[in-house]
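Examining the three-dimensional arrangement
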Amino acid sequence: MPTPTTLSRRRLVQASAACALGVALPAKYATAQGAEFTYKYGNNLPPGHPLNVRTREMAEKIKAETSGRVDIQVFPASQLGSDTDMLSQLRAGGIEFMTLSGLILATLVPQAAVSGIGFAFTDYSDVWKAMDGDLGAYIRGQIAKSNLVAMDRIFDNGFRQMTSAARQINAAEDLKGFKMRVPVSPLWTSMFKAFDAAPVGINASELYTALQTKVVDGQENALTGIMALKMYEVQKYCAVTNHMWDGFWFLSNRRAWERLPANLREIVAKHVNAAAMAERADLAAQAETTQKELAAKGMVFNAPKADAFRGKLRSGGFYAEWKAKLGDEAWTVLERYAGKLG
Ligand code: X2X
């Protein structure tokens, strides 16, 4: 903070008058003095992913509309640490915001995994009805109990597909013993165990290296993520399995969130939610072109039938197990949108 002697008397008078009246200071003033709230926002995706394009725009809009009082600094590409590290920092207040898959957040908020149950959703219209409706509200309520705040609109991370280096995956049988990288998450691990694969929990920050050094045989992600993380350099095959949908909650440390005056919270929430909507539209617009671009880079695609995988989850008791784990309330809200599971 500058001491009063570094301010001209006129600026100081202007500033105190503005404070006394409770009006926002002009952007020039706030910028010259540094923002009142400088908040760090971290995520695990490369700068070119739509999530980062839209949240950079979001930060600019928030700065402008708060006259420079709120400065959100966007740190992409796990610059602030892996998801696991960032989640600890977020809880401790070392960073103020992060975006995180509900399934990874489930290490802290178990019910946040419910949206990622294998083959629950088959298309986006059900996903957004659920996540913008009662299922999303239920999950945000669970998140709130852990002293984190989730903004209303979840960002899209896409329907996930399986990639491999050595051979094509056509059915669950091809996953037997397959070293599959999964994010660090109980549901992801459980699902690939149910396929008889050998899942290895690895943060996104280590994913490319794990594939390159063949610590794992393959991984699963949405095509947008496969492109953004340049996985086509280290993977040959892609099975379009759509085995689950995933999204990113925009989370805040509760104390940091509540430090913001109500009018600033409203501006921040508005722009975060708008960024999520824009990012969803970006992913939808890219859906078809991304597969063609990945094919042009040498990836070989196949489209197995869902039942070649889903049957294995059913017969192995996966749905019954997760219904018991998540509880009746979570399961009932999920089935309201996804239909009867199992
Ligand atoms: O870690 C992943 O695979 C990613 C980027 O999709 C998530 O954040 C869940």
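Everything discussed here concerns the structure shown above.
What this report covers is the structure whose coordinates are included nearby. Model, not experiment: these values are computed from the prediction.

On to helix α14 (residues 318-326). Residues F318, Y319, W322 and L326 constitute the buried set of α14. Seen from one end, α14 has its buried residues packed into an arc of 90°, which puts them on one side. With respect to the buried face of α14, the exposed residues turned more than 90 degrees away are A320 and A324. Turning to α14, the residues buried within the fold contact α8 (186-194), α13 (307-315) and α15 (328-338). Positive backbone phi, approximately 95°, marks G327, located one or two places after α14.

What follows is about the pattern of salt bridges. The tally for this structure, following the rule as stated, stands at 16 salt bridges. Two residues, E57 and R54, come together in a salt bridge whose shortest N-O distance is 3.1 Å. Remark: R54 and E57 occur in helix α3 (residues 50-65); sequence separation between them is three residues, near one turn of the helix. Given a relative accessible area of 32%, E57 falls into the partly exposed group. D246 serves as the salt-bridge partner of R160, at 3.9 Å between the closest nitrogen and oxygen. Taken together, the positions of R160 in the loop between β5 (155-159) and β6 (161-164) and D246 in strand β11 (residues 245-253) put the pair 86 residues apart, joining distant regions of the chain. No difference in accessibility class separates R160 from D246, as the two residues are buried. Linked through salt bridges whose partners overlap, the residues forming this network are R54, E57 and D282.

Counted according to the given criterion, the structure contains one cavity of 30 Å³ or more. Put simply, the largest cavity is a space of about 150 Å³. Together, 19 residues line the largest cavity, and N44, N157, R160, R181 and A204 are the ones closest to its centre. Its residues assigned to classes, the lining of the largest cavity shows ten nonpolar, five polar and four charged.

What follows deals with the site of the ligand. Every residue near the ligand is listed here: N44, S101, N157, R160, R181, P183, W188, A204, N221, D246 and F248. At 2.8 Å from an oxygen atom of the ligand is found a side-chain nitrogen or oxygen belonging to N44. One of the side-chain nitrogen or oxygen atoms of R160 is found 2.9 Å away from an oxygen atom of the ligand. Out of a free accessible area of 260 Å², the ligand has 99% covered by protein chains. According to the grid-proximity analysis, the pocket containing the ligand is the largest cavity. Considering only residue class, the shell around the ligand consists of four nonpolar, four polar and three charged.

The subject of this paragraph is the pairing of β6. Side chains Q161 and T163 project from β6 onto one buried face, and the interleaved M162 and S164 project onto a second face that is buried too. The pairing of β6 with strand β9 (residues 218-221) spans four bridges and is antiparallel. Counterpart to M162 in the pairing with β9 is E220.

A word on the nonpolar core. Counting 63 residues, the largest nonpolar core has L105, I117, F121, L135, L175, F192 and F195 as the members making the most contacts within it. In terms of nonpolar packing, the next biggest core, distinct from the first, is built from 26 residues, Y39, I72, M151 and V268 among them.

The rules we used
- Residues numbered from 1 in each chain as written.
- Predicted model: local features only at pLDDT ≥ 70, side-chain atom pairs only at ≥ 80, totals over all residues.
- Heavy atoms only, no water.
- Buried < 20%, exposed > 50% of the residue type's maximum accessible area, 1.4 Å probe, protein only.
- Helix = DSSP H or I, 4+ residues; strand = E, 2+ residues; numbered from the N terminus.
- Arc of directions from axis to C-beta.
- Contact = heavy atoms within 4.5 Å.
- Salt bridge = Lys/Arg side-chain N within 4 Å of Asp/Glu carboxyl O.
- 1 Å grid on protein atoms, 1.4 Å probe; cavity = no way out; pocket = protein on both sides within 12 Å on 5 of 7 lines; lining within 4 Å.
- Points joined across faces, edges and corners; volume = space filled by probe spheres on them.
- Nonpolar A, V, L, I, M, F, W, Y, C, P; charged D, E, K, R; others polar.
- Near = heavy atom within 4 Å.
- Polar contact = N/O pair within 3.5 Å; in protein donor to acceptor, adjacent residues only side chain to side chain.
- Areas by Shrake-Rupley, 256 points an atom, 1.4 Å probe, with all protein chains shown as cover.
- Sits in = over half its atoms within 2 Å of the grid points.
- Pairing = 2+ DSSP bridges.
- Core = buried A, V, L, I, M, F, W, Y, C linked by side-chain atoms within 4.5 Å.

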